[in-house]
Amino acid sequence: MCVLILHYHEIWLKGCNRNFFLQNLKRASKQALEGLHVKRTVWEDHRLLITFEDDNMAHHGIERLRKVPGVAYVAVAEQTNPDLDSIIDTGSRLMRTVEFHSFRVRARRSQKSLPFRSVDIGRQLGARIWTDATENGRKVKVDLSNAEATCYVDVTTSRALLYREKIPGMGGLPTGSAGKLTCLLSGGFDSAVAAYKVIKRGVRLSFVHFWGRAVEPGEGSSPVARKLVRTLTPYQGRSRFYLIPFDEIQREIVVAAPQDYRILLYRRMMLRIAERIAYREHSHGLVTGDSISQVASQTLKNMEAVGSVASLPIYRPVVGDDKQEILDLARHIGTYEISCEPFSDCCPMYLPKSPKIHSTAAELDNIEADLPIKDWVTKGLRAASKEVYEWRAGEVTLLKKHNHESSPPIRR
Ligand code: ATP
Ligand code: MG
């Protein structure tokens, strides 16, 4: 029977907090593997060992665990007794099924009390693999740094685990270990990638999307944002998604404010409304997809001027990334195709021809002094709706959907 090995990432650094991180990782792994008929899960010497009723499930398990933050790598291993003869027999069998010209054995013992050393495994198993191949008329050599095939051997307290491939996980820290943040998710590339980057660090995100009525059916931004939330949900297990109708507020800004300041005022309104939701969600800050000087509203001065309305910290995980780096990561995490989908509501329709490139908080405060900012915030929150998504048995499902009118926003 094979066993799936999960190695965790970075958590060993956390000293006395380690248990807290491990509990979060265990919970996330359990959720990811739901429905795959797990037989047994045990922690053994800094790794999680999972066995299934049916060995084929281990391969599905790998695909799911690759989306769990905190996982350094996973592997499907054969297990045997922790003695040299069993290890050599199992390793020989495992390596006979592959073609290679160069190979190596990478052995590690977590129990130093064993009567053999890692180098003994390397030498003796290596000799056996070489003999097996030579007897079969194949010419193979040992290459410790650049081998075509590797036989990994991990010897733990109760067993030896042998495998050929380490499949990289997403790294980072387990969901929930860092607390909560609220992400302004636009439907574009940047904010989805920004979201992924903080989820990877153990943050649980709630999402806020501001939408306008579509010019034509099917052209709205909310279906795109919703798909992004669904795509990001497996990485954190569960997501709350707030949708705020924004075109009325935008129209009022268009009427009341100078054209070149419009976009900065939209952003300020988005931050104010998102912050109120963040407080309701017990989040410790906001996340945006701003990247320095990518567009006019993201010059350093404009980000300072816009951000001054928020009292919670604003995290901008892609602030130093080039667009190409953002697009590469978007492809990797599965949001690229979704963000490519065209939509024509929200900001694009109300964009100024030449937006202000360098503003100050005082200038924006001055323009806003005559505007009904509080009313707009209330209007946005009253009209908000919420959806909750969960990753269960390998599928993202909508758990709840409701309108906020029934639950007035918490004031602060
Ligand atoms: P993205 O930056 O996600 O690619 P974008 O380029 O359309 O989308 P920008 O104009 O760069 O958005 O806006 C900067 C940031 O402001 C976004 O990354 C996002 O965090 C936030 N934002 C912009 N529009 C919206 C929106 N309609 N709903 C929620 N957040 C938004
Ligand atoms: Mg952007």
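Quick summary incoming for the structure in this document. (Residues numbered from 1 in each chain as written. Chains lettered and ligands numbered in written order. Predicted model: local features only at pLDDT ≥ 70, side-chain atom pairs only at ≥ 80, totals over all residues. Heavy atoms only, no water.)

## A word on the overall build of the protein chain
To keep things clear, this is the line we draw: Helix numbers and strand numbers start at the N terminus; a helix is a DSSP run of H or I with at least 4 residues, a strand a run of E with at least 2. Between buried and exposed lies partly exposed: a residue is buried under 20% and exposed over 50% of the maximum accessible area for its type, with that area taken using a 1.4 Å probe on protein chains only. Contacts were defined at the residue level, with two residues in contact if any of their heavy atoms lie within 4.5 Å. Each accessible area is a Shrake-Rupley estimate made with a 1.4 Å probe; only the visible protein chains count as cover when residues are assessed. Counting rule for charge: Lys and Arg are taken as positive, Asp and Glu as negative, and neither His nor the chain ends is counted. Charged side chains are reduced to one point each, which is NZ for Lys, CZ for Arg, CG for Asp and CD for Glu.
Looking only at helices and strands, the protein chain has 13 helices and 16 strands in total. Seen through its principal axes, the protein chain has C-alpha atoms that stretch 85 × 45 × 40 Å. Counting only residues that meet the buried cut, the protein chain has 52% of its 412 residues in that class. Long-range contacts, defined here as pairs at least 24 residues apart, represent 78% of the contacts in the protein chain between residues at least 6 apart. Put simply, the protein chain shows about 19400 Å² of open surface, and 50% of that area lies on carbon and sulfur atoms. Side-chain charges of the protein chain comprise 60 positive and 47 negative groups, with the mean position of each set lying 5 Å from the other.

## Let's talk about the coordination of the magnesium ion (ligand 2)
Convention followed: Atoms of type N, O and S within 2.8 Å of a metal are treated as its donors, and for Na, K and Ca the window is 3.2 Å; water is not considered, so some sites may appear to be missing partners.
Coordination of the magnesium ion (ligand 2) by the protein is provided by Asp190 (OD) and Gln294 (OE1), with metal-donor distances spanning 2.1 to 2.6 Å. With aspartate 190 in helix H5 (residues 189–200) and glutamine 294 in the loop between strand S13 (286–287) and helix H9 (300–307), this pair connects stretches of sequence that are 104 residues apart. According to the relative accessible area criterion, aspartate 190 is buried, its value standing at 11%.

## What to know about the pairing of strand S5 (residues 102–109)
Test applied: Handedness rule for crossovers: strands pointing away from the viewer, path from the first strand over the helix to the second running clockwise, crossover right-handed. The criterion for strand pairing is that DSSP finds at least two bridges linking the strands in question.
The element S5 is largely enclosed, with a buried count of 6 among its 8 residues. Crossover handedness for the path S5 to helix H4 (residues 118–135) to strand S6 (residues 141–142): right-handed. As paired elements, S5 and strand S7 (residues 149–155) share 7 bridges and run parallel to each other. Counted as the bridge partner of arginine 104 is threonine 150 from S7.

## A short note on the packing of aromatic side chains
Two aromatic rings, taken as a pair, are described by how far apart their centres are and by the angle between their planes. How we decide: The pairing test for Phe, Tyr and Trp rings, Trp by its six-membered ring, is centres within 6.5 Å, and the orientation test on the planes gives stacked under 30 degrees, edge-to-face over 60, and tilted for anything in between.
In the structure shown here, the tally under the stated rule is 7 aromatic pairs. Centre to centre, the rings of tyrosine 152 and tyrosine 163 are 5.2 Å apart; their planes meet at 15°, and the pair counts as stacked. Of the two residues, tyrosine 152 is situated in strand S7 and tyrosine 163 in strand S8 (residues 160–163); the sequence distance between them amounts to 11 residues. Residue tyrosine 163 is classed as buried on the basis of its relative accessible area, which comes to 0%. Aromatic pair tyrosine 196 and tyrosine 235: ring centres 5.0 Å apart, planes at 85°, arrangement edge-to-face.

## What about the sheet that holds strand S15 (residues 385–392)?
Quick note on the threshold: Note on definitions: angles span 0 to 180 degrees between N-to-C directions of axes, and those axes are lines fitted to C-alpha atoms, for helices only across the stretch in contact.
The strand order S14-S13-S10-S11-S12-S15-S16 describes an open sheet built from 7 strands, whose pairing is mixed. Each edge of the open sheet carries a strand with a single partner, namely strand S14 (314–315) and strand S16 (395–403). This element, H5, spans strand S10 (179–184), strand S11 (203–211) and S13 of the sheet and lies at about 165° to S11.

## Considering the nonpolar core
Heads up, the rule is: Grouping buried Ala, Val, Leu, Ile, Met, Phe, Trp, Tyr and Cys residues that are joined through side-chain atoms within 4.5 Å yields what is termed a nonpolar core.
Formed by 55 residues in total, the largest nonpolar core has its most connected members in Leu4, Phe52, Leu65, Val74, Leu205, Phe207 and Leu232. Broken down by element, this core gets its largest block of residues, 8 residues, from H5. Once residues lying within four places of it in the same chain are set aside, the contact partners of phenylalanine 52 are Met1, Leu4, Leu33, Leu36, His37, Val38, Lys39, Met57 and Ala58. Among the nonpolar cores identified, the runner-up in size contains 36 residues, and Ile244, Leu264, Met270 and Ile277 belong to it.

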